[in-house]
Amino acid sequence: DTGVSQDPRHKITKRGQNVTFRCDPISEHNRLYWYRQTLGQGPEFLTYFQNEAQLEKSRLLSDRFSAERPKGSFSTLEIQRTEQGDSAMYLCASSLAGLNTEAFFGQGTRLTVV
Amino acid sequence: KNEVEQSPQNLTAQEGEFITINCSYSVGISALHWLQQHPGGGIVSLFMLSSGKKKHGRLIATINIQEKHSSLHITASHPRDSAVYICAVRGWGFGNEKLTFGTGTRLTIIP
């Protein structure tokens, strides 16, 4: 297992376009998290899944954002009608369920909306 | 006021110096994480603490639950330690599985 992988690593898109990012967690991990990090800030929580169930969504996740984890393995994060304010690093992390389990992060997808 | 505050925001030191980065939090937590982020974005977990002290190589992390405070120490610092160090906390119970992050401390070690 090569850890958490995210694709693409970089995405430049024009304002108004839709984008989709993919995260492949560590295979035995049933929890998967999406975070967003803007320049100079710490990551902020967007949403998380346990298996295929989306258990929590941040109020940061507007109706232009949707995340899925259809088979409880990989996850996708889609942003519709992108805005310049969506420019950020989108980080995925995975962990086992349970108290105080360690989270493992991917390399992130850097989105630039022009 | 942020739930997780780190200090300093930026730290520049000479190679070999002893480094301390502080993290204070305002909520009850089940665990605190110290993370390292290099340019390019990838985050690596350094420590996960719920009490006491942990050591890994030149890195030491401590936590005082009563005072809601943790420190990350680097002994004999080296230029390859240059990175952003982020403190993150996890709350208690169902619905608190997500991490809440500090804004990070940018560390630069000069040869």
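See the structure printed just above.
Conventions adopted
Residues numbered from 1 in each chain as written. Chains lettered and ligands numbered in written order. Predicted model: local features only at pLDDT ≥ 70, side-chain atom pairs only at ≥ 80, totals over all residues. Heavy atoms only, no water. Helix = DSSP H or I, 4+ residues; strand = E, 2+ residues; numbered from the N terminus. Rg over C-alpha atoms; globule rule 2.2 N^0.38 Å. Buried < 20%, exposed > 50% of the residue type's maximum accessible area, 1.4 Å probe, protein only. Contact = heavy atoms within 4.5 Å. Polar contact = N/O pair within 3.5 Å; in protein donor to acceptor, adjacent residues only side chain to side chain. Phe/Tyr/Trp six-rings, centres within 6.5 Å; stacked < 30°, edge-to-face > 60°. Lys NZ or Arg CZ within 6 Å of the ring centre and 35° of its normal. Pairing = 2+ DSSP bridges. Axes fitted to C-alpha atoms, helices over the stretch in contact; angles between N-to-C directions. Disulfide = S-S within 2.5 Å.

Colleague: Looking at this structure, how should I read the overall build of chain B?
Modeller: When helices and strands are counted, chain B shows zero helices and eleven strands. Secondary structure elements of chain B, listed N to C terminal, follow the sequence β-β-β-β-β-β-β-β-β-β-β. Taking 2.2 N^0.38 as the reference for a compact globule, 111 residues should give roughly 13 Å; the C-alpha atoms of chain B span a radius of gyration of 14 Å, in line with that estimate. With respect to the principal axes defined by its C-alpha atoms, chain B has extents near 45 × 30 × 25 Å. Taken across its 111 residues, chain B has 47% of its residues classed as buried. In chain B, the share of contacts with a sequence separation of at least 24, taken over all contacts with a separation of at least 6, comes to 55%.

Colleague: Any chance you could explain the side chain of arginine 64 of chain A here in plain terms?
Modeller: Residues and elements named next belong to chain A. In this fold, arginine 64 is placed in the loop between strand S6 (53-57) and strand S7 (65-68). Separated by 2.8 Å, the side chains of arginine 64 and aspartate 86 make a polar contact. Not counting residues within four places of it along the chain, the set of residues in contact with arginine 64 comprises Glu78, Ile79, Gln80, Arg81, Thr82, Glu83 and Asp86.

Colleague: It is not clear to me how the packing of aromatic side chains should be interpreted in this structure. Could you clarify?
Modeller: The relative placement of two aromatic rings is captured by the distance of their centres and the angle of their planes. Using the criterion set out here, one finds eight aromatic pairs over all chains in the structure. Relative to tyrosine 48 of chain A, the ring of tyrosine 33 of chain A lies with its centre 5.2 Å away and its plane at 15°, an arrangement referred to as stacked. Here tyrosine 48 of chain A lies in strand S5 (residues 44-50) and tyrosine 33 of chain A lies in strand S4 (residues 31-37), a separation of 15 residues in the sequence. With relative accessibility at 1%, the residue tyrosine 48 of chain A sits in the buried group. Cluster of aromatic residues (ring-pair linked, three or more members): Tyr33, Tyr35, Phe45, Tyr48 and Phe105 of chain A together with Phe101 of chain B. Positioned above the aromatic ring of phenylalanine 74 of chain A, the side-chain terminus of arginine 22 of chain A is 3.9 Å from the ring centre. We note lysine 98 of chain B situated over the ring of phenylalanine 45 of chain A; from NZ or CZ to the ring centre the distance is 5.4 Å.

Colleague: For this particular structure, what's the right way to read the sheet that holds strand S8 (residues 75-79) of chain A?
Modeller: Backbone-to-backbone hydrogen bonds join strands into a sheet, with any given pair of strands oriented parallel or antiparallel. Residues and elements named next belong to chain A. Read across the sheet, four strands follow the order S1-S3-S8-S7 without closing on themselves; strand pairing throughout is antiparallel. Lying at the two open borders of the sheet, with one neighbouring strand each, are strand S1 (5-7) and S7. In this sheet, adjacent strand axes meet at a mean angle of 15° when their direction is disregarded.

Colleague: It is not clear to me how the state of the cysteines should be interpreted in this structure. Could you clarify?
Modeller: Such a bond, covalent and formed between the sulfur atoms of two cysteines, is termed a disulfide. Summed over the entire model, instances satisfying the criterion amount to two disulfides over all chains. Across the disulfide from cysteine 23 of chain A sits cysteine 92 of chain A; the S-S distance is 1.8 Å. The chirality of the disulfide connecting cysteine 23 of chain A with cysteine 92 of chain A is left-handed, given an S-S dihedral of about -70°. Of the two residues, cysteine 23 of chain A is situated in strand S3 (residues 19-24) and cysteine 92 of chain A in strand S9 (residues 88-95); the sequence distance between them amounts to 69 residues. Grouping residues by exposure puts cysteine 23 of chain A and cysteine 92 of chain A together as buried. Disulfide pairing places cysteine 23 of chain B opposite cysteine 87 of chain B at an S-S distance of 1.9 Å.

None of this, on its own, says anything about what the molecule does.
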